[in-house]
Amino acid sequence: MDRPGEAGERARAILASAPDDLLRSFACQALGIVLRSDGQAVEATAVLREGVRAAIRSGVDGRESDVRATLAGALVLAGRPRAGLLQFDRALESATGEIAAKVAMRQAGILTTLGRYDEALPVMGRALDEFRQTGNRVWEARSHLWLAHIELVRGRVDAAERHALEAAEILEQLGDTTDRLSALTNLGEIAMARGDVSGGLRRLTEAVRGSESVGWLRFEDVGPLAVCYLAAGMTADAVALLGRSDLRLTAAFEAERKLALADALVADQQPQSAIEPARTARVMFRRQGREWFERRARLTVVRARAATGATQGLAREARLVAEELHEERAVEAPIALTLAGRAARGQEAVDLWVCAASYRNHPNALVRAGAWNAQALAREDSNDRGGVLRAATAGLDAIDEHRRLIGSSELRALATTHGRELTTIALRHAATDPRTLLRWSERTRATALAQPPATSDAATIPASLAALRDNGRRLAEARQDGDPTEDLEKERLRLERAVRAEHHTLSADSVERQRPVSAEEVVASVGDGCLVELVDVDGTLHVLVVHGGKVRRRIAGSTAEVGELLGPAAMLLRRTSRGRPADLTALGQRLQDAILGDAVRLIPEGPVVIAPTARLHGLPWALLPALHDRPFSVVPSAGQLLRARATARPADPRTVLICGPGLATGGAEVPVLARRHPDAVLLDGAHATLEAVLTHLDGADLVHLAAHGRFRADSPLFSALDLADGPLTVHDLERLQRAPYRVVLSACESGVLAPVGAEELLGLAAALFSLGTAGLVSSVAEVNDTATADLMVDLHAVLAAGSDPATALHEVRRAAVPGSVEAATAAAFLALGV
């Protein structure tokens, strides 16, 4: 188990040396185990049959039973359960004492693989008692591992944890490697069952890495990690993991892999691609006599077909699967019953949803959330608006519980995906009352920003992050010198995977729930000012205008209509930044009509705060005529606005000026600003290193950072600004202990944020907000370097006079000639926060 390659070589060498029958039986048994674990089922059974014959000829008590039990397990894993179970019966006929217990333990393990948990439990328990009496610590530990798995499936988490911890302790004392990986996997699954996603990821990732170090990648470790990825909202990662070509699979595990892959594809919104592997898995499970697994494959087929819009035969099959899973009280039952209700009609649908809602007190938070989702659907059918909103509240509270121990900002945001349907239902029923809609909008947007990242108090830099920084420096030098970069790019991808994996295993510092702001708090804070909050309700933009103690609502255009205008807006700004002036007036008016509609008449004179949907956060809002000629700022949510306003300015009015390498203008504004702020900290040239920048960012009052920027839509936490010795990423910013009060980022697209999960945001600006930065100035489009340098000098002059960023940007826009490069550059910058 620990060194399979060496074991296989030794076994083959012994078999080639014409050994006696006893030694031959041991060599065949060892080689069969190696081949079985390597996915070579046919070869394994052939070798093990030879081992059984040699054991019989040897005449040694117990040898035949022991080898035959190994053959039995190999047959089941090869997809021949009847033949395997028959071999177990034959093995038990002549087995006694400890050998009988070993055979029984393996038989119970195979029953578990077949999904026959209730049959397996007493058999495994009796085997454990025998090993305790005989003092066989290895087999005692293995029995504990199987019992931990069985108890977990049966929902007895405390009992599962006791068995897993006992196994881990024994295996640690024995110095075992492979079985310790199984203990880690058990403990990871138990952490997941308790709602500790980060703890589960940490243990399961360690198990997979250990599996790789042994010499092959075991599905026993990969499968649970993929399930954990799905619970964390990492659907693409789950698909990639289950598609790895180096997985070694028996027929039994291949069926499980296909089912897991289909589940991941459904979660990743690829339902059409999920149908084939789910159907194949169902056929394989049926042939293998694994009814428990077959039911779940049937559910996945139903889910995939429903997601593609298929209807033929769907209602009947959905109901049959749901009833079977409900009878089993399976964790999948609420999903199955809810889906069956959607496929049914009238009272039948309501009955199924009510049945799904009976799981509202389940110990697993995600199961409870699914049950409350069904309750909301049942209440919706009865036109019970209050019941819908109460159910949605309870369901989203369960999602919050699921997220409470997650330290990774990325995973906190992704995990909100589980509440997307509840959010949609709640907003639909809240939309008739402006204050209720405001409350629900705040309940469901930018929630991850309310909690600081878990790394903000870390004293040391992970080795992987330090290596990534060095790689970034070497990549920049290679590009500048025209040297090949292929190997460095491969190294970068490897290091990014390592940094991301470590980040995902972070646990939250506090389990206190972040309370969303109430509509009354928002109205009181806004006062005579004006907040415009946009809410996507079933694909239509609802505009909430908060002013003078009132909340008023208007309906604007569709999100599809607005989406069609985003591309042209970005293209025109890009053209203008490259010296090709364009008239943006007509496009700005079209954007305003689609986004604000008649609500523009409700907006009073004076400054405005815009809280857009996540998808619209990167819009160049100054293009809208109603906003161009007034100070305005943009916030992810009203809650973030209130937190920013409550942030106290540092007692030390320290200004930090930073200039990164390779700028076309050489960071022309920085020397000018340095002369105007003689007391400022200046970091330029070789002095603009990561450590120096992070040291001076910490707790600063005002930071100006001129550097090339890159927004990474594929992985927003690797969005970066180039410094002298490598890129400054979001991962680096999250290590600050005290956020700078205000930050000006002059780089292209430095303010672009990636919408993820359900109305969550990730990127450079999001990281600073979560740390406590009150305000930022950054761009959401490509900008002209020369025009940006001049704009920054003028912007800081207004800031120095005591104005806030929104007012300063307004003054800069007013000074630019319409249609010019300078005007387009000013329009590309936004004031975020206060």
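As the structure is a prediction and not an experimental result, all values here were calculated from the model. (Residues numbered from 1 in each chain as written. Predicted model: local features only at pLDDT ≥ 70, side-chain atom pairs only at ≥ 80, totals over all residues. Heavy atoms only, no water.)

Asks: Can you help me understand the overall build of the protein chain in this one?
Replies: In terms of helices and strands, the protein chain carries 38 helices and 18 strands. In terms of overall dimensions, the protein chain is globule-like: its C-alpha atoms have a radius of gyration of 31 Å, near the 28 Å expected for 834 residues. Once the C-alpha set of the protein chain is aligned to its principal axes, its extents read approximately 100 × 70 × 45 Å. Among the 834 residues that make up the protein chain, the fraction classed as buried is 58%. (Helix = DSSP H or I, 4+ residues; strand = E, 2+ residues; numbered from the N terminus. Rg over C-alpha atoms; globule rule 2.2 N^0.38 Å. Buried < 20%, exposed > 50% of the residue type's maximum accessible area, 1.4 Å probe, protein only.)

Asks: Would you take a moment to explain empty space enclosed by the protein for this structure?
Replies: Empty space among the atoms can be located by rolling a probe the size of a water molecule over them. Scanning the model with the defined rule gives 5 cavities of 30 Å³ or more in all. Within this model, the largest cavity holds a volume of roughly 110 Å³. At 4 residues, helix α21 (residues 385–403) tops the list of elements feeding residues into the lining of the largest cavity. Looking at side-chain class alone, the lining of the largest cavity contains 3 nonpolar, 5 polar and 5 charged residues. Here the second largest cavity is characterised by a volume of approximately 70 Å³. Lining the second largest cavity are 13 residues, and of these Ser-409, Leu-449, Leu-762, Ala-766 and Ser-770 sit closest to its centre. Elements supplying a minimum of two residues to the lining of the second largest cavity: α22 (409–414), β16 (760–762) and α35 (764–771). It is α35 that contributes the most residues to the lining of the second largest cavity, 3 residues altogether. (1 Å grid on protein atoms, 1.4 Å probe; cavity = no way out; pocket = protein on both sides within 12 Å on 5 of 7 lines; lining within 4 Å. Points joined across faces, edges and corners; volume = space filled by probe spheres on them. Nonpolar A, V, L, I, M, F, W, Y, C, P; charged D, E, K, R; others polar.)

Asks: Sorry if this is basic, but what is going on with the packing of aromatic side chains here?
Replies: In this description, a pair of aromatic rings is defined by centroid distance and the angle of the planes. Across all of its chains, the model carries 5 aromatic pairs by this definition. Considering the side-chain rings of Tyr-117 and Trp-292, the 5.2 Å spacing of their centres and the 80° angle between planes classify their relative orientation as edge-to-face. Taken as a pair, Tyr-117 in helix α7 (residues 117–134) and Trp-292 in helix α16 (residues 291–308) lie far apart in primary sequence, 175 residues in all. Like Tyr-117, the residue Trp-292 is buried in the burial classification. With centroids separated by 5.8 Å and ring planes inclined at 45°, the aromatic side chains of Phe-131 and Trp-139 adopt a geometry described as tilted. (Phe/Tyr/Trp six-rings, centres within 6.5 Å; stacked < 30°, edge-to-face > 60°.)

Asks: Teacher, can you tell me more about helix α38 (residues 821–828) here?
Replies: An α-helical turn contains 3.6 residues, so any two residues separated by three or four positions project in the same direction. For α38, a buried count of 7 out of 8 residues is recorded, marking the element as mostly surrounded by other parts of the structure. All of the buried residues in α38 are Val-821, Ala-823, Ala-824, Thr-825, Ala-826, Ala-827 and Ala-828. Check the buried side of α38 and you find it contacts α28 (559–577), β17 (775–779), α36 (785–800), α37 (805–815) and β18 (829–833). (Contact = heavy atoms within 4.5 Å.)

Asks: What's the story with the packing of helix α2 (residues 21–37) against helix α3 (residues 41–58) in this structure? I'm lost.
Replies: Working note: a packed helix pair is described by the angle between its axes plus the distance between those axes. Where α2 meets α3, the axes come as close as 8 Å, and the angle between the chain directions of the two elements is 160°. For the element pair α2 / α3, the angle class is roughly antiparallel. Handedness of the crossing formed by α2 with α3: left-handed. Contacts from Asp-21, Leu-22, Arg-24, Ser-25, Cys-28, Gln-29, Leu-31, Gly-32, Leu-35 and Arg-36 in α2 reach Glu-43, Ala-44, Val-47, Leu-48, Glu-50, Gly-51, Ala-54, Ala-55, Arg-57 and Ser-58 in α3. For the contact of α2 with α3, the residue count by class is 9 nonpolar, 5 polar and 6 charged. (Axes fitted to C-alpha atoms, helices over the stretch in contact; angles between N-to-C directions. Parallel < 35°, antiparallel > 145°, perpendicular 65-115°, else oblique. Left-handed = near helix turned anticlockwise from the far one by under 90°.)

Asks: What exactly am I supposed to notice about the pattern of salt bridges here?
Replies: When the charged atoms of two side chains lie near each other, side chains of opposite charge can form a pair. Counting across every chain of the model gives 64 salt bridges. Where Asp-397 meets Arg-443, a salt bridge forms, and the shortest distance between an N and an O atom there is 3.1 Å. Residue Asp-397 is found in helix α21, and its partner Arg-443 is found in helix α24 (residues 434–443); the two are separated by 46 residues along the sequence. Residue classification places Asp-397 among the partly exposed residues on the basis of a relative accessible area of 27%. With a relative accessible area of 11%, Arg-443 lands in the buried category. Three or more residues joined by partner-sharing salt bridges are found here, namely Arg-282, Arg-286, Glu-294, Arg-298, Glu-317 and Glu-324. (Salt bridge = Lys/Arg side-chain N within 4 Å of Asp/Glu carboxyl O.)

Asks: Looking at this structure, I do not really get the packing of helix α6 (residues 97–113) against α7. What am I missing?
Replies: Here α6 crosses α7 at 150°, and the two axes come no closer than 8 Å. On the basis of the axis angle, α6 is roughly antiparallel to α7. The handedness of the crossing between α6 and α7 is left-handed. Contacts between α6 and α7 pair Gly-97, Glu-98, Ala-101, Lys-102, Ala-104, Met-105, Gln-107, Ala-108, Gly-109, Leu-111 and Thr-112 from the former with Tyr-117, Glu-119, Ala-120, Val-123, Met-124, Ala-127, Glu-130, Phe-131 and Thr-134 from the latter.

Asks: Can you help me understand the environment of Ala-340 in this one?
Replies: Relative to the assigned elements, Ala-340 resides in helix α18 (residues 333–343). Residues Ala-340 and Val-535, spaced 195 residues apart in sequence, show a C-alpha to C-alpha distance of 30 Å. Among all residues touching Ala-340, those that are not within four sequence positions of it are Ala-318, Arg-319, Ala-322 and Leu-352.

Asks: Looking at this model, I keep getting lost on the sheet that holds strand β11 (residues 709–710). Mind explaining?
Replies: Strands belonging to one sheet form pairs held by backbone hydrogen bonds; the direction of such a pair is parallel or antiparallel. Sheet architecture is open: 3 strands sit in the order β11-β12-β13, paired in antiparallel fashion. Each having just a single partner strand, β11 and β13 (726–729) make up the two edges of the open sheet. (Pairing = 2+ DSSP bridges.)

Asks: Could you clarify how one ought to interpret the nonpolar core in this entry?
Replies: Note that soluble globular proteins tend to have their nonpolar side chains buried in a common cluster. Counting 136 residues, the largest nonpolar core has Val-532, Leu-591, Ile-595, Trp-621, Ile-658, Leu-728 and Leu-795 as the members making the most contacts within it. By size, the runner-up hydrophobic cluster in this structure holds 56 residues, among which are Ala-426, Leu-437, Val-517 and Leu-642. (Core = buried A, V, L, I, M, F, W, Y, C linked by side-chain atoms within 4.5 Å.)

Asks: What am I meant to see in helix α20 (residues 365–381) here?
Replies: The first and last C-alpha atoms of α20 sit 25 Å apart over 17 residues, in line with the 24 Å expected at 1.5 Å per residue. All of the buried residues along α20 are Ala-365, Val-367, Arg-368, Ala-369, Ala-371, Asn-373, Ala-374, Gln-375, Ala-376, Leu-377, Ala-378 and Glu-380. The secondary structure elements touched by the buried residues of α20 are α18, α19 (346–357), α21 and α23 (420–430). One side-chain oxygen of the residue at the start of α20 lies 2.9 Å from the amide nitrogen of Leu-366, identifying that residue as Asn-364. (Expected span 1.5 Å × (residues − 1). Polar contact = N/O pair within 3.5 Å; in protein donor to acceptor, adjacent residues only side chain to side chain.)

Asks: Would you explain the side chain of Glu-380 in this entry?
Replies: Take Glu-380: it is sitting in helix α20. A polar side-chain atom of Glu-380 sits 2.8 Å from a polar atom in the side chain of His-429. Apart from the residues lying within four places of it in its own chain, the contact partners of Glu-380 are Val-388, Ile-425, Arg-428 and His-429.

Asks: For this particular structure, what's the right way to read the state of the cysteines?
Replies: Simply put, disulfide is the name for a covalent bond between the sulfur atoms of two cysteines. Evaluated as defined, the whole model comprises 0 disulfides. Between Cys-659, a free cysteine, and Cys-748, which holds the nearest cysteine sulfur, the sulfur-to-sulfur gap is 14 Å. (Disulfide = S-S within 2.5 Å.)

All quantities given are derived from atomic positions and should not be read as evidence of function.
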